[in-house]
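# Coordinate analysis (summary)
If you want the building blocks of each chain, they are given just below.
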Amino acid sequence: IAGITQAPTSQILAAGRRMTLRCTQDMRHNAMYWYRQDLGLGLRLIHYSNTAGTTGKGEVPDGYSVSRANTDDFPLTLASAVPSQTSVYFCASSRDRQNYGYTFGSGTRLTVV
Amino acid sequence: SQQGEEDPQALSIQEGENATMNCSYKTSINNLQWYRQNSGRGLVHLILIRSNEREKHSGRLRVTLDTSKKSSSLLITASRAADTASYFCLSQGGSEKLVFGKGTKLTVNP
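As a starting point, this report considers the structure included with it.

Basis of the calculations
Residues numbered from 1 in each chain as written. Chains lettered and ligands numbered in written order. Predicted model: local features only at pLDDT ≥ 70, side-chain atom pairs only at ≥ 80, totals over all residues. Heavy atoms only, no water. Buried < 20%, exposed > 50% of the residue type's maximum accessible area, 1.4 Å probe, protein only. Helix = DSSP H or I, 4+ residues; strand = E, 2+ residues; numbered from the N terminus. Pairing = 2+ DSSP bridges. Axes fitted to C-alpha atoms, helices over the stretch in contact; angles between N-to-C directions. Salt bridge = Lys/Arg side-chain N within 4 Å of Asp/Glu carboxyl O. Disulfide = S-S within 2.5 Å.

## Observations regarding the pairing of strand 4 (residues 31-37) of chain B
All names here are of chain B. Summarising burial for strand 4: six of the seven residues are buried, a large majority. Counted between consecutive antiparallel strands, the loop separating strand 4 from strand 5 (residues 43-50) contains five residues, among which Gly-40 sits at a positive phi close to 80°. Note: strand 4 against strand 9 (residues 85-92), seven bridges, orientation antiparallel. Within strand 9, the position partnered with Trp-34 by the bridge is Cys-89.

In structure tokens:
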């Protein structure tokens with residue numbers, strides 16, 4: 001693993017089903033983030049975590065939950081998927097957001113039907 | 001929340017020309033960052049400029065920052081077809097709730 005790994009790369013999901021998007025980093029970054037990217041709306045922050053054991057809500061948190069049991073993993077769960085959650089989801093991490101940029105994963109393309 | 005707004009929304013140039021993209025933000029910042037996104041891929045960090053810096057270079061990239069006008073510009077010199085991508089700015093302040101702009105879509109024609 002080098003950087004951030006997201007899985008799956010794409011998924012078609014029936015509405016009402018539960019889904020967990022996985023994100024793993026091997027850089028020992030403290031801060032991790034989940035964004036969704038929609039055409040015409042840019043990237044919007046869903047949830048973030050400044051360090052293992054803590055999480056916070058971003059701009060569009062409803063319908064999503066996260067956990068941060070350790071430094072490396074930051075899974076995003078959709079408890080009951082709806083079509084409006086069709087999007088491309090990106091996980092990101094940062095070593096020190098005051099002095100360094102963010103490293104992004106390659107994304108998960110999710111379609112809820 | 002912090003927000004960067006890129007301008008123009010789309011830019012089409014010929015290979016070898018320079019490309020300039022602008023970014024405006026609303027509140028005070030600690031730094032401003034530029035990212036590139038190729039179609040269907042994640043964002044790649046290009047350059048970070050701190051609030052006490054006015055200009056920064058990285059290869060063919062030149063970034064300027066004017067905190068009095070709350071604006072930044074990204075210049076790509078001698079553009080190549082491979083520079084075709086969307087470019088985003090991110091203004092970084094104290095808030096956790098970061099917001100990216102919608103980006104500038106750059107097309108470099110061979």
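## Focus: unusual backbone geometry
Residue A:Pro8 follows A:Ala7 across a cis peptide bond; omega there is -5°. Following B:Asp7, the chain continues into B:Pro8 via a peptide bond in cis, with omega recorded as 0°. Looking at where B:Pro8 falls in the secondary structure, it is placed in the loop between strand 1 (4-7) and strand 2 (10-14). You will see that A:Arg28, though not glycine, has its phi angle at about 60°, which is positive. Mapped onto the elements, A:Arg28 comes out in the loop between strand 3 (19-25) and strand 4 (31-38). The class of A:Arg28 is exposed, set by a relative accessible area of 57%. Unlike most non-glycine residues, B:Lys70 shows phi in positive territory, near 50°. Relative to the helices and strands, B:Lys70 resides in the loop between strand 7 (61-66) and strand 8 (71-76). Of the residues examined, B:Lys70 reaches a relative accessible area of 30% and is grouped as partly exposed.

## Some thoughts on the sheet that holds strand 9 of chain B
Within a beta sheet, neighbouring strands are joined by backbone hydrogen bonds and run either parallel or antiparallel to one another. Residue and element names in this part refer to chain B. Ordered in space as 2-10-9-4-5, the five strands form an open sheet in which the pairing is mixed. The strands lining the two open edges of the sheet, one partner per strand, are strand 2 and strand 5. Averaged over all adjacent pairs, the angle separating strand axes in this sheet is 25°, with direction ignored. Both strand 9 and strand 10 (residues 104-109) contribute to a ladder of three bridges, which runs antiparallel. Among the inter-strand pairings, Ala-85 is bridged to a residue of strand 10, identified as Leu-106.

## Some thoughts on the pattern of salt bridges
By the definition in use, this model includes five salt bridges over all chains. With a shortest N-O distance of 2.8 Å, A:Arg36 and A:Asp38 are connected by a salt bridge. There is no split in this pair, since A:Arg36 and A:Asp38 are both buried. The partner of B:Arg62 in a salt bridge is B:Glu55, with the nearest N and O atoms 3.1 Å apart. When its relative accessible area of 30% is taken as the criterion, B:Arg62 is described as partly exposed. By relative accessible area, which is 39% here, B:Glu55 ends up partly exposed. A single salt-bridge network, built from bridges that share partners, covers A:Arg36, A:Asp38 and A:Arg44.

## Some points on the state of the cysteines
Counted by the stated rule, this structure contains two disulfides over all chains. The partner cysteine of A:Cys23 in its disulfide is A:Cys91, sulfur to sulfur 1.9 Å. Taking the torsion about the sulfur-sulfur bond, which here is approximately -70°, the covalent link between A:Cys23 and A:Cys91 counts as left-handed. Pair noted here: A:Cys23 is in strand 3 and A:Cys91 is in strand 9 (residues 87-94), with a separation of 68 residues, a long-range link. Each member of the pair A:Cys23 and A:Cys91 is classed as buried. Disulfide pairing is shown between B:Cys23 and B:Cys89; the S-S distance is 2.0 Å.

Functional significance is not addressed by these values, which are geometric in nature.
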